[in-house]
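Okay, here's what each chain looks like letter by letter:
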Amino acid sequence: MCGVISKLNASFLSDRPMQGNLQKIGSEPTSKVDLSLKMAFKESSVTYGGPVLTEEFSVLHSFGEVEGARKLCPGVYIGGSEELMAQVRSGAMDPHHALFVKGHAAWVPGQLNREIGKGVWYTAAVSSDFILRYAGVELTPEDNPNDLWTDILQCMGGKYEEIARRHGGTGDSRRVLP
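In short, a report on the structure. The written sequence of each chain sets the order in which its residues are numbered from 1. Residues qualify for local features only when their pLDDT is at least 70, as the model is predicted, and side-chain atom pairs are given and counted only at 80 or more; totals for whole chains, interfaces and linings, by contrast, use all residues. For side-chain calculations, the full set of non-hydrogen atoms in the structure is used, while hydrogens and water are omitted.

**Looking at the pairing of strand β6 (residues 69-73)**
And then number 1: A simple rule labels every residue: compare its accessible area, found with a 1.4 Å probe on the protein chains alone, to the largest value its type can have, and call it buried under 20%, exposed over 50%, or partly exposed in between. Each helix is a run of DSSP H or I of at least 4 residues and each strand a run of E of at least 2, with the numbering of both proceeding from the N terminus. Counting buried positions over the 5 residues of β6 gives 4, a clear majority of the element.
And then number 2: A pair of strands is considered paired only if DSSP assigns at least 2 bridges between the two. Note that β6 and strand β7 (residues 76-79) share 4 bridges and pair antiparallel. Bridging from a neighbouring strand, R70 pairs with I78 of β7.
And then number 3: Between the antiparallel neighbours β6 and β7 lie 2 residues, among them G75 with a positive phi of about 85°.

**A word on the nonpolar core**
And then number 1: By nonpolar core is meant a set of buried Ala, Val, Leu, Ile, Met, Phe, Trp, Tyr and Cys residues that side-chain atoms within 4.5 Å join together. The biggest cluster of nonpolar side chains holds 16 residues, and the ones touching the most others in it are L60, V76, L99, V126, I131 and I152.
And then number 2: Where this core is concerned, the elements lending two or more residues are β6, β7, β8 (98-107), α4 (128-131) and α5 (148-156).
And then number 3: By size, the runner-up hydrophobic cluster in this structure holds 14 residues, among which are F57, M85, M93 and A98.

**Quick look at helix α2 (residues 81-89)**
And then number 1: Of all the residues in α2, the buried ones are S81, L84, M85, Q87 and V88. All buried residues of α2 project into a common sector of 160° when viewed along the axis, lining one side. The exposed residues of α2 that point more than 90 degrees off its buried face are E82 and R89.
And then number 2: Within two residues after α2, G91 carries a phi angle of roughly 85°, on the positive side. In this description, one arc is meant: the one made by directions from the helix axis to the C-beta atoms.

See below:
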């Protein structure tokens, strides 16, 4: 799984080609969150996915290939909220192990590459532990539970570790479902 990170957001790139002329990042399938979903996942974290379609949510989890979900990379799935809701209600899934992503990022063809070239985004190959940091993955004592961006850059080392040292420490933006 490859990702792009900026100070505002850490996004993962799906390798599935999308139709149309926009590249979407971590956005399919999306849905509006209805009351029953809010009740089942009232303790789940919500994070910022980007400024496009901010009224829609995607759900990331490690529960597996349930109906409506698709595998993004080993151990990371997106979608399947109806089946996940049933699993939470039956006690088979802990709602803390789901991360809701509000909105998504999108670029016109070539835009993301230009922005990476300008240093607006950094590319990083990350494990499912990073992707699911706020979906119940167990943290180590070295992990900063509130600043994923800084942790990723520190793991990358070199110039990225220096960037993290200079600009990190402000924390990530997430909350429970509204």
